[in-house]
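Examination of the molecular architecture
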Amino acid sequence: MKEITAIIRPDKLEEVKNALAEIQCKGVTVTEVKGRGRQLGVTESYRGRDYKVDLLPKTRLEIIVNNKDADDVIDTIVKTAQTGDIGDGKIFISPVDDVVRIRTGERGEKAV
Amino acid sequence: MDPTALNSGDTAWMLMSTALVMLMTVPGVALYYGGLVKKENVLNTLFMSLIAFAITSVIWVIYAYQLAFGTDVGGLIGNGANLFFNGITSATLAPLAPTIPITIYAAFELVFAAITVALISGAVVGRMKFKAWLVFVPLWITIVYVPISHWVWGGGWLAKLGALDFAGGTVVHLDCGIAALVLCIYLGSRKDVRLLPHNLGYSVIGAALLWFGWFGFNAGSALTAGGLASSAFLATNTATAAGMISWMIIDIIKTGKPTVLGAITGAVCGLVAITPACGFVTVTGALIIGFATSFFSYYAMTWLKPRFGYDDSLDVFAVHGISGLWGALATGLFAAPFINSLGVGLFYGNPMQMVWQLIDIGTVVVWSGGWTLVLAFVLDKTIGLRVEPEEEREGLDISLHEESGYRI
């Protein structure tokens, strides 16, 4: 099993969620986060003075999938969250030891 | 019409105007300032305006009105009769505006006093002790505002001299701008001096309410409902719109992009600048006054402030001090006798008017600056003026009020 963590543009959330639902990937945990990338944020200007705003609002998705579905989910996120401009975000993939469904106590792939 | 009998049209307009000016402070200034600060200080910032209004309201009816607008004693102060409004009936007319009741005249002057002191808060937000503010407000109204308003509007020596200030370019705006500058220099800079508005939408609503309420402020200052009020109304709107447009042009020239904060700042500068002039100048005069004022205030914000390094948090001095100063001078230039027979400016053949304006300006700068410095010193040595460093770091909403503006 894999954990897929995707940092995306907040305005792409709806599109990504819908695309994931279409490939039968239903479970997702979403958090509003702030962060910066290689460009160190953007510049804002108030009353003639410029300020570097280095933490930008982003949306983080956490998705747990079986190994065979991982590439499908990753491809879907890349396809829908991509604009080609700076600030599209990143995806991190890591292994998951076990999963437990609290309601039934099921473990492993059945619980995903 | 009898000029010394109650006029219901005038009275209705003054009731309306007073309520409009109240809206400028609560919530106009409160929102305008509240949106510009960081979110950890939003409640403290709103609260400073709210409580300034309440404190001024109470002291005004007890003694401040009677000292500011009571029968003149030697050109310096009112005689202080009728404390607590004792002896005033609902039929008593205002001696200085004999077609309206004294009660609504006093209420109208009260909302001016309240907004003047509330405006000062913009320079000191983010680091002033709230308890010190609670003491500063009544003392400043009593020592600084009451005498100045008497001298200019209450039949005092500046009025007798011939200084023109229709609705408060010096009494309100230069006055609060100078006090703001002195107080913020005394307090010192905040740890984080960046101007990063946490909710610029609040500020847009606040500025819009200021613009709306300002019709009461300026057109109401005619104290009658008629041609003069109408002329002041149109001049006010014209200068405000011109101020907004000129600031936007400066923004585009300087950075290539028009900003919303710039636009509302320019509008407020236009409002401030036309305030002393609105009941004296033509619409053309208002256009020039409003268009020019943004340049002066922009310069004060982007050149004067960084050069001298004072931390006027929300640019009260640049907006109210500088545009108020320009407005007071421009009144001496543009006052047209066919708008208001009381005012003849330089361009209409009366160069002496500029002298009276300069005396008015100098008096307000010295009186407001000097006494504000004394008040700051005394408060600092007694209850302390500035919050503890950890309170400032944590944000004043939590550390001073045990509340936070946002649960989301």
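Attention here is on the structure that accompanies the text.

In terms of regular secondary structure, chain A is built from 2 helices and 6 strands. Sorting the 112 residues of chain A into buried and exposed places 31% on the buried side. Relative to all contacts within chain A whose residues are 6 or more apart in sequence, the contacts with residues 24 or more apart total 71%. In chain A, 20 side chains carry a positive charge and 20 a negative one; their mean positions are 4 Å apart.

On to the overall build of chain B, then. When you go through chain B residue by residue, the secondary structure sums to 14 helices and 4 strands. Relative to its length of 408 residues, chain B is compact, with a C-alpha radius of gyration of 20 Å against a globular reference of 22 Å. When the backbone C-alpha atoms are referred to their principal axes, chain B occupies close to 60 × 50 × 40 Å. Relative to its 408 residues, chain B shows a buried fraction of 58%. Pairs at least 24 apart in sequence give 78% of the contacts found in chain B among residues at least 6 apart.

Here the focus is the nonpolar core. Ranked by size, the top nonpolar core spans 133 residues in total, and within it Trp60, Ile120, Met128, Trp133 and Tyr145 of chain B carry the most contacts. The biggest single contributor to this core is helix H3 (residues 102–124) of chain B, with 17 residues. With sequence-adjacent residues up to four places away left out, Trp60 of chain B is seen in contact with Tyr65, Gln66, Ala68, Phe69, Ala106, Glu109, Leu110, Ala113, Tyr145 and Val146 of chain B. Grouped together as the second largest cluster of nonpolar side chains are 15 residues, Leu20, Ile63, Val73 and Ile77 of chain A included.

A few words now on the pattern of salt bridges. Applying the stated criterion to the full structure yields 15 salt bridges over all chains. Its salt-bridge partner being Lys160 of chain B, residue Asp72 of chain B comes within 2.8 Å of it at the nearest N-O pair. Here Lys160 of chain B lies in helix H5 (residues 157–161) and Asp72 of chain B lies in strand E1 (residues 72–73), a separation of 88 residues in the sequence. Of the residues examined, Lys160 of chain B reaches a relative accessible area of 59% and is grouped as exposed. Salt bridges sharing partners connect three or more residues here, namely Arg47 of chain A together with Lys305 and Asp315 of chain B.

Residue and element names in this part refer to chain B. Inspection of the entire model under this criterion finds 26 aromatic pairs over all chains. With a centroid separation of 6.3 Å and 75 degrees between ring planes, the pair formed by Tyr65 and Tyr105 is classed as edge-to-face. With Tyr65 in helix H2 (residues 42–69) and Tyr105 in helix H3, this residue pair connects regions lying 40 residues apart in the sequence. Ring centres of Trp151 and Trp367 lie 4.9 Å apart, and the angle between their planes is 75 degrees; this geometry places the pair in the edge-to-face category. Taken as a pair, Trp151 in helix H4 (residues 130–153) and Trp367 in helix H12 (residues 352–382) lie far apart in primary sequence, 216 residues in all. Judged by relative accessible area, Trp367 falls into the partly exposed class, the value being 27%. Three or more aromatic residues link up through ring pairs in this structure, and these residues are Trp60, Tyr65, Phe69, Phe85, Tyr105 and Tyr145.

This part is about the sheet that holds strand E6 (residues 90–95) of chain A. Residues and elements named next belong to chain A. Sheet architecture is open: 4 strands sit in the order E2-E5-E1-E6, paired in antiparallel fashion. Each of the sheet's edge strands pairs with one partner strand only, and the pair in question is strand E2 (29–35) and E6. For this sheet the average axis-to-axis angle between neighbouring strands, irrespective of direction, equals 25 degrees. Pairing analysis gives 6 bridges linking strand E1 (residues 2–8) to E6, with the strands arranged antiparallel. Bridge pairing links Glu3 to Ser94 in E6. Where helix H2 (residues 67–81) meets the sheet, its contacts fall on E1, strand E5 (56–65) and E6, and the angle it forms with E1 comes to roughly 5 degrees.

All names here are of chain A. For helix H1 (residues 13–22), every residue scored as buried is listed here: Leu13, Val16, Ala19 and Leu20. On an axial view of H1, the arc spanned by its buried residues comes to 135 degrees, and they lie on one face. On its buried side, H1 packs onto E1, E2, E5 and H2. Once H1 ends, the next one or two residues include Gln24, with phi positive near 65 degrees.

Parameters and conventions
- Residues numbered from 1 in each chain as written.
- Chains lettered and ligands numbered in written order.
- Predicted model: local features only at pLDDT ≥ 70, side-chain atom pairs only at ≥ 80, totals over all residues.
- Heavy atoms only, no water.
- Helix = DSSP H or I, 4+ residues; strand = E, 2+ residues; numbered from the N terminus.
- Buried < 20%, exposed > 50% of the residue type's maximum accessible area, 1.4 Å probe, protein only.
- Contact = heavy atoms within 4.5 Å.
- Lys, Arg positive; Asp, Glu negative; His and termini not counted.
- Charge placed at Lys NZ, Arg CZ, Asp CG, Glu CD.
- Rg over C-alpha atoms; globule rule 2.2 N^0.38 Å.
- Core = buried A, V, L, I, M, F, W, Y, C linked by side-chain atoms within 4.5 Å.
- Salt bridge = Lys/Arg side-chain N within 4 Å of Asp/Glu carboxyl O.
- Phe/Tyr/Trp six-rings, centres within 6.5 Å; stacked < 30°, edge-to-face > 60°.
- Pairing = 2+ DSSP bridges.
- Axes fitted to C-alpha atoms, helices over the stretch in contact; angles between N-to-C directions.
- Arc of directions from axis to C-beta.

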